[in-house]
Every structure is written in structure tokens, then in C-alpha cells.
Amino acid sequence: MTRTPLIAGNWKMYLTKAEAVALASAVAAASKGLSDREVMIAPPFTTLAAVKEAVAGSPVKVAAQNVGWEKEGAFTGEISPPMLLDAGAEMVIIGHSERRHVFGESSAMINRRLRAALQFGLLPILCVGETLAEREAGSTFTVVEEQLAQGLADVTAAQMDSVVVAYEPVWAIGTGKTASNAQAQEAHAFIRAVLSRLYEKTLAERVKILYGGSVKPENVDSLMAQADIDGVLVGGASLNAGAFERIIHFQ
Ligand code: PEP
């Protein structure tokens, strides 16, 4: 089974429009001619349209960092799927640990966002992952399985072909601590097994599972060599053009 690797950058709440356009142009130049891997960047909402324009003509895909679950309405602070499509987004990150743990988003909310994205044709990246306390308590697999089952509730097998999953252990995000290759591979294999149970094996074999958590030029090659790691979701290092270029060109 060949799954085309996806290298994704999450810019979080960083960069003004001019800074975002400069970085997006550098990512587009670094991705020129690549056909054996996909590249995606997720800028803040305010720079989506400008970033989309900056990467036009390149294979780089543009994503949002979250999405509202209604088409429109009295939902102050939310951005709807059609608005994101209108701004040029093709994909959207959903259930990032900062949304779950800093802003208190529940799995039910995350599921609504994910189903809305699918309904309107935005490709979702569903993030799952345990906290340090959960890992130390031995509940990593229980937590990850619950987040998958709840996040994917009422998502059909046909829709699953448009979903990417990202395993992001919370203790590894922005901390400089990366999961070891073995820890990451173990969690990814577990996620694929859960997807087999929730759907079926051949479908689970097709789903891309990204690793996220302090991915850097120094560790990307060995992470990407793991059988069930199909790409990376990169925070901090995606804000540095040189570092992200090296990550895109993992070997
Ligand atoms: C992230 O934001 O999804 C992330 C993994 O961040 P970092 O690479 O900085 O750990």
C-alpha cells in the first residue's frame, strides 16, 4: 500500500500578512516539481487568501487551523466552511491539542467541525494524542481510541477516504521532546488498528497518519522511515523557511 507522504506546517497564531506571504513563497519555491510527496501549510485565517495567492501555480495546499460547523449564522468568532473555501483553503486542521486543552473543545464539538468540513468539501486533518499524565497513567491507547471514535462518529467509510489523522502526543508539542521512533510507530500502528475496527482493513491501510510533536530537520528522516508514519505535522519548525524546506525534502 503506497500512501503519498504529506508534510504539513501549522503556523498557529504567528505572522502578519507580509511575513506570511514571504514564508509561503519560500515554501512554494522549495516544493517546486515535487510529485512524490504533498506539502500543506496552515496560516492564520487573516492571511489565508494572501497565502493562497502566494502559492498559486505550486503544488502547496493551503489549510485553515479550525472551522465552524454551520454555513452561516450568529456564531461570533467562528469561520464557516464555505468562507474558508472562499478564502482558498482546501484542508483544515481539527481537534488540535491547543483547541482541546487551551480552549476546552470537546470531542463532540470536534466531531461537528469535522462533519461540517466533509459536508462542504474541505479535507480534515483530525488530531489526536494523549497528555503526559495520560501516558504516565498507561492510558495512551484508551485516550487515542476514544478521541478517534468520538471525533469520527457518523463519518461514513466513503467520507473517510478524505480524512487524514494526525497523532500528536501533547507532551511533545512545542516542548522539544519528540516521541521516539518506536513510541510514534507503536501509536500509529494502534491508530490504524482502531480504524480497521471502526471501518475495515483496506480502508485503514489507505488513511494517512501524520506524526506531530517537535518535528525538526534532525529527526524527520528517522520518523518518516517508520512503516505507519505517512507524514508530519510541524509547528515551530514550519515557521523557519530553511528548516521546513529540509523537512519537506526528508530522505
Ligand atoms: C503542532 O503545532 O501541531 C506541533 C506539532 O507543534 P511543534 O512542531 O512546535 O511541536
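The coordinates are above.
Only a predicted model underlies this, so the values are computations on that prediction, with no experimental measurement involved.

Undergrad: Any details on unusual backbone geometry? Residues and values, ideally.
TA: With glycine set apart, most residues show a phi of negative sign, and most peptide bonds adopt trans. In the Ramachandran plot, Asp154 falls in the positive-phi region, its phi being about 65 degrees despite a non-glycine side chain. Here Asp154 lies in the loop between α7 (140-151) and α8 (157-160). Backbone geometry places Ser214, a non-glycine residue, at a positive phi of 55 degrees. Relative to the helices and strands, Ser214 is located in the loop between β7 (209-212) and α11 (217-224).

Undergrad: Please provide a residue-by-residue account of the sheet that holds strand β4 (residues 91-94), values included.
TA: Taken together, the 8 strands give a closed barrel; going around it, the order is β1-β2-β3-β4-β5-β6-β7-β8, and neighbouring strands pair in parallel fashion. Sheet twist, expressed as the mean angle between neighbouring strand axes with direction ignored, is 25 degrees. Of the strand pairs in this sheet, strand β1 (residues 6-10) and strand β8 (residues 231-234) are connected by 4 bridges, and their pairing is parallel. Bridged to Ala8 within β8 is Leu233. The sheet contacts of α7 involve β5 (123-128) and β6 (164-167), and relative to β5 the element is tilted by about 155 degrees.

Undergrad: Give me the lowdown on the pairing of strand β2 (residues 38-42), citing residues and values where you can.
TA: Most of β2 is tucked away: 4 of the 5 residues are buried. Crossover β1 to β2 through helix α1 (residues 17-30) is right-handed. One crossover worth recording links β2 to the parallel strand β3 (residues 61-64) by way of helix α2 (residues 48-54), and it is right-handed.

Undergrad: Break down the site of the ligand for me, citing the residues and quoting the values.
TA: Taken together, the neighbourhood of the ligand is formed by 14 residues, with Lys12, Glu168, Gly174, Ser214 and Gly235 sitting nearest. Between an oxygen atom of the ligand and a main-chain N or O atom of Gly174, the distance comes to 2.6 Å. Here Gly236 contributes a backbone N or O atom positioned 2.8 Å from an oxygen atom of the ligand. Considering the ligand on its own, with 300 Å² of exposed area, one finds that the protein chains cover 96% of that surface. Among the residues forming the shell around the ligand, the class breakdown is 4 nonpolar, 8 polar and 2 charged.

Undergrad: Tell me what's going on with the nonpolar core, and back it up with residues and numbers.
TA: One finds Ile41, Leu148, Leu152, Met160, Ile191 and Tyr211 to be the most contacted residues of the largest nonpolar core, which totals 65 residues. Not counting residues up to four positions away in its chain, the partners in contact with Leu152 are Asn111, Leu114, Leu126, Met160, Val163, Leu195, Leu198 and Tyr199. Grouped together as the second largest cluster of nonpolar side chains are 13 residues, Leu6, Ala63, Ile93 and Leu233 included.

Undergrad: Any chance you could break down the layout of surface pockets for me, citing the residues and the numbers?
TA: Space inside the largest pocket adds up to approximately 540 Å³. For the largest pocket, the lining is made up of 23 residues, of which Met13, Phe45, Gln65, Arg99 and Phe103 are closest to its centre. Split by residue class, the lining of the largest pocket holds 10 nonpolar, 7 polar and 6 charged. One number sums up the size of the second largest pocket: a volume of about 230 Å³. Lining the second largest pocket we find 16 residues, and of these Asp161, Val163, Val164, Arg206 and Lys208 sit closest to its centre. Split into classes, the residues belonging to the lining of the second largest pocket amount to 8 nonpolar, 2 polar and 6 charged.

Undergrad: Residue-level account of the side chain of His96, with values.
TA: Tracing the backbone shows His96 in the loop between β4 and α4 (97-101). Residue classification places His96 among the buried positions, given a relative accessible area of 6%. A polar contact is formed between the side chain of His96 and the side chain of Glu168, at a distance of 3.4 Å. Ignoring any residue separated from it by four or fewer positions in sequence, one finds His96 in contact with Asn10, Lys12, Cys127, Glu168 and Ile173.

So, how was this worked out
The numbering scheme is per chain: residues are counted from 1 as the chain's sequence reads. Whole-chain, interface and lining totals are the exception, using all residues; otherwise, since this is a predicted model, local features are given only for residues with pLDDT of at least 70 and side-chain atom pairs are given and counted only at 80 or more. To get the side-chain values, all heavy atoms of the structure are used, and hydrogens and water are removed first. Under the DSSP-based scheme used, a helix requires at least four consecutive residues in state H or I and a strand at least two consecutive residues in state E, with every element numbered from the N terminus. For two strands to count as paired, DSSP must find a minimum of two bridges between them. Lines fitted to C-alpha atoms define the axes here, with helix axes fitted over just the stretch in contact, and angles between the N-to-C directions of these axes take values from 0 to 180 degrees. Two residues form a contact once any of their heavy atoms are found within 4.5 Å. Burial status follows relative accessibility: with a 1.4 Å probe on protein chains alone, a residue under 20% of its type maximum counts as buried, one over 50% as exposed, and anything between as partly exposed. Handedness of a crossover is defined as follows: orient the strands so they point away from the viewer, and if the path from the first strand over the helix to the second runs clockwise, the crossover is right-handed. Note on definitions. A residue lies near a molecule or strand when any single heavy atom of the residue is within 4 Å of it. Any pair of N or O atoms that falls within 3.5 Å is considered a polar contact. Within protein, one atom must be able to donate a hydrogen and the other to accept it, and sequence-neighbouring residues count only if both atoms are side-chain atoms. Where accessible areas are quoted, they stem from the Shrake-Rupley method and a 1.4 Å probe; at the residue level, only the protein chains shown are allowed to cover. Following the grouping adopted for this structure description, the nonpolar residues are Ala, Val, Leu, Ile, Met, Phe, Trp, Tyr, Cys and Pro, the charged ones are Asp, Glu, Lys and Arg, and the polar ones are all others, Gly among them. Take the buried residues of types Ala, Val, Leu, Ile, Met, Phe, Trp, Tyr and Cys, join any two whose side-chain atoms come within 4.5 Å, and each joined set is a nonpolar core. A 1.4 Å probe that fits but cannot get out identifies a cavity on a 1 Å grid over protein atoms alone, an open set with protein on both sides within 12 Å along at least five of seven lines counts as a pocket, and a residue lines either if it has an atom within 4 Å of a point. Grid points are joined across faces, edges and corners, and a volume is the space filled by probe spheres set on the points.

Remember, this is a structural readout, not a statement about activity or role.
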